[in-house]
Amino acid sequence: MAAPRSTASRYASFVVGGLVVGVDIAVVQEVVRWRGTTPVPLAHECVVGLINLRGQIVTAIDLRRRLGLPGRAVGAQAFNVVVRVDDRPVSLVVDGCGDVVSVDGPPDAPPQTLAGSARELITGVHQLDGCLLLVLDAGAAVELAEVTADLGAAQGKAEPSHAPGGSSR
Amino acid sequence: MTSTATSVAATGCAAEGEADDGMAEIVAEFLTESRESLDQLDSDLVELERAPGDRDRLSSVFRALHTIKGNAGFLGFAPLQAVAHAAESLLARLREGDLPFDAPRASALLDAVDAVREMLDGIEADGAEGGRDDAPLVARLGLLATVAGAAAETDPAQPDPSQPAPAEPGPSELGPSELGPSELGPAELGPSLAGPSLPGARQPQSAASRGGEGAPGGCPAAGDEGEHSSGPLRDATVRVDVDVLDRLVDLVGELVLARNQLVQRIRDTDDAELAATAQRFDLVTSELHDRVMRTRMQPISTMWSRFPRVVRDLAVTCGRQVRLEMEGSETELDRSILEAIRDPLLHLIRNSVDHGVEPAEARAARGKPAEGRLTLRACQEGGSVNIEIADDGAGIDVERVRAKAIAAERDPERLDALRNMPAREVVNLIFSPGLSTAATVTSVSGRGVGMDVVKNHVERVGGTIEVVTAAGLGTTFKIRLPLTLAIMPVLIVCSGGQRYAIPEDSVVELVRLTGSQSGDSIEQVAGADVYRLRGELLPLVDLGAVLGRPERDAEEPPLLVVLDAAGRRFGLVVAAASEIQQIVVKPLDKLVAAVKVFSGATVLGDGGIALILEVDAVASRAGILAGDAGRPAPAGKDLPPAGERTCLLVLRVGADRRVAVPLRDVSRLEYLAASAVEHVRAGRVVQYRGRTLPLVSLPALFASDHVAGSDVAHSDAADSDAAGELPVVVTEVTGRPVGLVAREILDIVDGQVAIERTACGGGVVGSAIVGGHVTDLLELTELIGSTLAPPSPGEPDAPGTTRA
């Protein structure tokens with residue numbers, strides 16, 4: 001997205017399964033309280049379902065499962081962090097929201113102790129007061145390999161047209 | 001903390017955009033405007049080539065290019081300006097009448113339009129025209145603007161039109177002076193380009209007389225877009241970003257939902273004033289919804305305006321003379337549908353020019369005018385739009401299609417069907433995969449891919465396509481499309497506590513299974529549910545099971561939604577259904593679009609979400625459409641006889657002998673009392689629904705083939721006495737009901753079995769291994785024909801009647 005104006009990076013911070021995760025503030029569209037989802041049978045296991053975001057239908061991905069963490073207790077509170085990736089909104093379901101954090105300097109390399117899928121999604125860490133901020137690659141988090149592999153270019157959508165279009169009267 | 005994140009995100013975005021917003025906006029507007037002009041230029045230039053005397057059109061072309069040049073100069077796109085300037089200079093000379101508007105000049109101008117278009121693409125992609133070298137093109141335009149008309153027809157200018165300069169950035173070392181006959185095999189391209197100059201030269205007289213009908217091509221709506229100088233009309237329209245429109249549609253959709261909830265609540269109150277207000281609110285909302293939906297509609301001319309150019313270029317490439325006529329280009333369609341059918345239409349047009357319209361000599365020989373006619377028609381009819389692409393060419397050779405289909409058919413059973421198929425149906429086989437009747441593979445079409453893709457594209461947006469042809473007179477493709485994709489009537493059903501939407505056009509009927517009925521009429525045949533609906537056996541699919549949520553509501557008697565999937569009916573078992581609703585279809589994110597069972601989603605009146613079921617996908621997931629019914633069997637797939645018989649009813653006819661019949665041929669399964677069987681001269685019959693039902697004993701037929709004679713007696717004894725009840729398969733394949741007596745009805749299996757074809761005769765077409773047993777496959781028409789006598793004369797020695 002936007003080129004950083006200085007070395008400072010700004011992250012929206014969230015809590016997921018006890019971890020503090022930061023997402024580049026530029027990709028976060030909004031945060032809404034969890035109000036249940038409409039499940040999508042047969043979908044990828046990380047897809048919790050669909051939410052109705054003011055008339056727009058947004059796919060919600062359970063960030064716990066995406067990171068290979070244990071599932072959330074039934075009835076526990078949760079939030080939809082709606083991120084914009086490839087110009088479409090996707091919700092990452094997290095346990096709690098923190099502040100926007102400004103950090104100077106580049107992140108350190110992620111710890112080697114991260115498990116499985118988390119290793120691909122966490123691109124670095126920042127040392128904060130009292131905790132580690134794991135930097136999440138939101139773009140990668142909303143790519144579900146098995147699903148996008150062959151069917152990604154969802155059929156039914158006409159291939160992008162080079163038409164003069166762009167406007168309508 | 002939530003709000004912090006949100007507001008910060010918002011301001012961040014705003015700051016980011018501020019820097020170069022103004023300029024970017026101007027460039028974006030320039031791109032949009034210029035592209036619209038270019039489309040209009042394409043068709044205007046083609047029209048001018050036909051009717052060079054049309055001064056008004058020439059002026060409008062001149063003005064359009066002038067505007068592009070001016071804007072490009074203002075925005076600092078020098079190369080673009082240079083090309084536009086060269087084209088404009090040529091046009092100026094043409095307008096003054098100094099030079100004739102001939103084919104080479106038309107080609108050069110069209111090439112200039114292409115070059116400008118490519119540069120616009122470049123500007124959109126990375127802000128610059130790209131490393132192009134348009135000097136050759138500019139030089140060519142310059143040359144054509146100076147050389148006198150006579151000279152243009154002879155040597156110096158002639159080779160130039162063959163320069164495909166705009167297509168590729170010419171090699172930079174080639175200076176303008178060097179360009180000429182040496183480059184890029186003009187010998188090969190020259191003649192084909194010289195061709196169109198002939199009609200062009202002949203045109204003036206005929207074009208003048210035709211002026212009136214030629215003009216509709218440049219439909220009024222498109223004309224307005226191109227006219228940048230015309231005042232009042234321009235003010236009547238406003239350019240709106242598509243994203244804004246889409247968002248507006250979303251918001252109105254939400255408003256409608258809120259209205260639904262509100263109005264429902266208010267209806268229950270006694271406040272008359274409030275009720276009146278609610279009613280007005282209701283009406284206004286509906287009206288608003290309707291209007292907003294209409295903003296997404298675009299006249300079909302936005303797509304068609306390009307076609308004259310396409311047809312002209314194709315005609316040149318294919319060496320044909322083709323006149324394009326367009327009717328009803330003001331017909332409006334949802335823009336998403338327009339986009340979806342752009343490629344299919346182009347393909348059909350290509351086909352018509354390349355294969356439909358004959359070369360001039362052939363046309364002359366048939367007494368047709370040398371110039372072929374291609375007509376595009378569009379009109380609205382109720383909730384759909386019809387589009388026709390008609391040519392007056394050779395027509396499709398139906399017998400050749402038939403021959404090709406027969407050659408491609410690997411299933412001997414279908415050959416007869418193909419031979420006897422009426423021509424009207426045969427010709428529609430061209431939409432089958434891999435069937436092309438093009439004698440020659442040209443660069444334009446005829447590789448055997450395409451028509452099936454065309455059909456797919458059209459069907460994907462809910463349309464249909466068919467072709468009508470008359471030998472020697474021409475071919476017409478008829479496409480029928482829904483007006484809009486955004487709104488669709490659906491039936492909302494419930495399963496596993498979730499709601500799903502089924503497109504109304506695949507719903508045939510609803511059947512409520514009351515307690516007693518459900519026990520009676522749902523038959524469990526070895527795990528597969530079948531329901532008898534008015535004599536037809538309907539395979540049942542439990543929606544919950546298909547979706548991997550098998551728990552079914554025990555208390556609620558299930559509801560059957562009879563669906564039609566690609567011509568095949570099946571019953572979908574759901575817990576409940578509500579009424580048909582108009583819904584706003586929302587696409588699914590690619591994350592979930594991969595689940596093919598859903599084609600989209602919608603927000604319901606209460607704010608909840610329902611997934612839209614893709615009926616064909618549900619059927620194939622449930623194994624109903626295992627062979628992709630409705631099409632001729634694709635090569636290399638093992639399908640049972642007749643291609644679409646995917647379900648087989650397996651019967652036991654001897655101690656260890658099994659046969660299978662296509663479930664499609666089965667009307668009913670009955671257990672009849674053995675004592676009810678009566679013997680008449682023609683064989684055994686039973687009274688059944690007030691008629692006599694002739695019986696064919698399968699054990700007698702088949703068990704005797706392999707087993708010793710004693711078994712015949714045994715099997716029949718088993719039939720009539722020991723069992724007490726005879727399992728009877730009622731079929732009507734021969735036009736009257738016939739009962740096939742089996743020992744036992746075993747199973748219904750999916751047709752994905754490897755079938756070995758054997759020529760056994762007597763109604764056996766082959767065998768397969770089904771569930772670990774060798775099973776003979778029966779062809780009922782033949783079996784019954786060879787077994788049962790015709791109703792009156794009687795053939796007492798027919799095999800099935802020997803025991804009589």
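For the structure, see preceding data.
Engineer: Could you clarify how one ought to interpret the overall build of chain A in this entry?
Structural biologist: Within chain A, the secondary structure is distributed over four helices and 11 strands. When each of the 169 residues of chain A is scored for burial, the buried share is 48%. Taking the contacts inside chain A whose residues are at least 6 apart along the sequence as the reference set, 55% of them involve residues at least 24 apart. Here chain A has roughly 8,000 Å² of accessible surface; of this, 52% comes from carbon and sulfur atoms.

Engineer: Please clarify how the overall build of chain B should be interpreted in this entry.
Structural biologist: A tally of regular secondary structure across chain B gives 27 helices and 31 strands. In chain B, which comprises 804 residues, the proportion classed as buried is 51%. Once local pairs closer than 6 in sequence are excluded, the contacts in chain B between residues at least 24 apart make up 67%. On chain B, roughly 35,800 Å² of surface is accessible, and the fraction owed to carbon and sulfur atoms is 53%.

Engineer: Just checking my understanding: could you explain the environment of V135(A) for this structure?
Structural biologist: All names here are of chain A. Structurally, V135 is set in strand β10 (residues 132-136). Linking V135 and V23, residues 112 residues apart in sequence, is a C-alpha distance of 6.1 Å. Those residues within four positions of V135 in sequence are excluded, and the remaining contacts are Y11, G22, P107, L121, I122, T123, G124 and H126.

Engineer: Looking at this model, I keep getting lost on unusual backbone geometry. Mind explaining?
Structural biologist: All names here are of chain A. Non-glycine residue D86 carries a positive phi angle of around 50°. In this structure, D86 sits in the loop between β6 (79-85) and β7 (88-94). A positive phi is found at D87, a non-glycine position, where the angle reads about 65°. Looking at where D87 falls in the secondary structure, it is placed in the loop between β6 and β7.

Engineer: It is not clear to me how helix α3 (residues 55-75) of chain B should be interpreted in this structure. Could you clarify?
Structural biologist: Because an α-helix completes one turn every 3.6 residues, residues spaced three or four positions apart along the sequence face the same direction. Residue and element names in this part refer to chain B. Relative to the 30 Å expected for 21 residues at 1.5 Å per residue, α3 spans 30 Å between its end C-alpha atoms, a close match to the ideal helical length. Burial in α3 covers these residues: R57, L58, S59, S60, V61, F62, A64, L65, I68, K69, A72 and L75. Of the residues trailing α3, G76 is marked for its positive phi of about 80°.

Engineer: What exactly am I supposed to notice about the packing of helix α4 (residues 78-96) of chain B against helix α6 (residues 135-146) of chain B here?
Structural biologist: Any two packed helices are characterised by the angle at which their axes cross and by the distance between the axes. Residues and elements named next belong to chain B. Direction vectors running N to C along α4 and α6 enclose 15°, while the axes themselves pass 9 Å from each other. Compared by their axis directions, α4 and α6 come out roughly parallel. Crossing handedness for the pair α4 and α6: left-handed. Taking contact as the criterion, the partners of A82, V83, A86, A87, L90 and R93 in α4 are, on α6, L137, V138, L141, L144, A145 and T146. Here the residues of the contact of α4 with α6 sort into 10 nonpolar, one polar and one charged.

Engineer: How do you make sense of helix α5 (residues 103-126) of chain B when you look at a structure like this?
Structural biologist: All names here are of chain B. With 24 residues, α5 ought to run about 34 Å at 1.5 Å a step, and its terminal C-alpha atoms sit 34 Å apart, in line with that. Extensive coverage of α5 is indicated by the burial of 18 of its 24 residues. One or two positions beyond α5, positive phi appears at G127, with a value near 80°.

The rules behind these values
- Residues numbered from 1 in each chain as written.
- Chains lettered and ligands numbered in written order.
- Predicted model: local features only at pLDDT ≥ 70, side-chain atom pairs only at ≥ 80, totals over all residues.
- Heavy atoms only, no water.
- Helix = DSSP H or I, 4+ residues; strand = E, 2+ residues; numbered from the N terminus.
- Buried < 20%, exposed > 50% of the residue type's maximum accessible area, 1.4 Å probe, protein only.
- Contact = heavy atoms within 4.5 Å.
- Areas by Shrake-Rupley, 256 points an atom, 1.4 Å probe, with all protein chains shown as cover.
- Expected span 1.5 Å × (residues − 1).
- Axes fitted to C-alpha atoms, helices over the stretch in contact; angles between N-to-C directions.
- Parallel < 35°, antiparallel > 145°, perpendicular 65-115°, else oblique.
- Left-handed = near helix turned anticlockwise from the far one by under 90°.
- Nonpolar A, V, L, I, M, F, W, Y, C, P; charged D, E, K, R; others polar.

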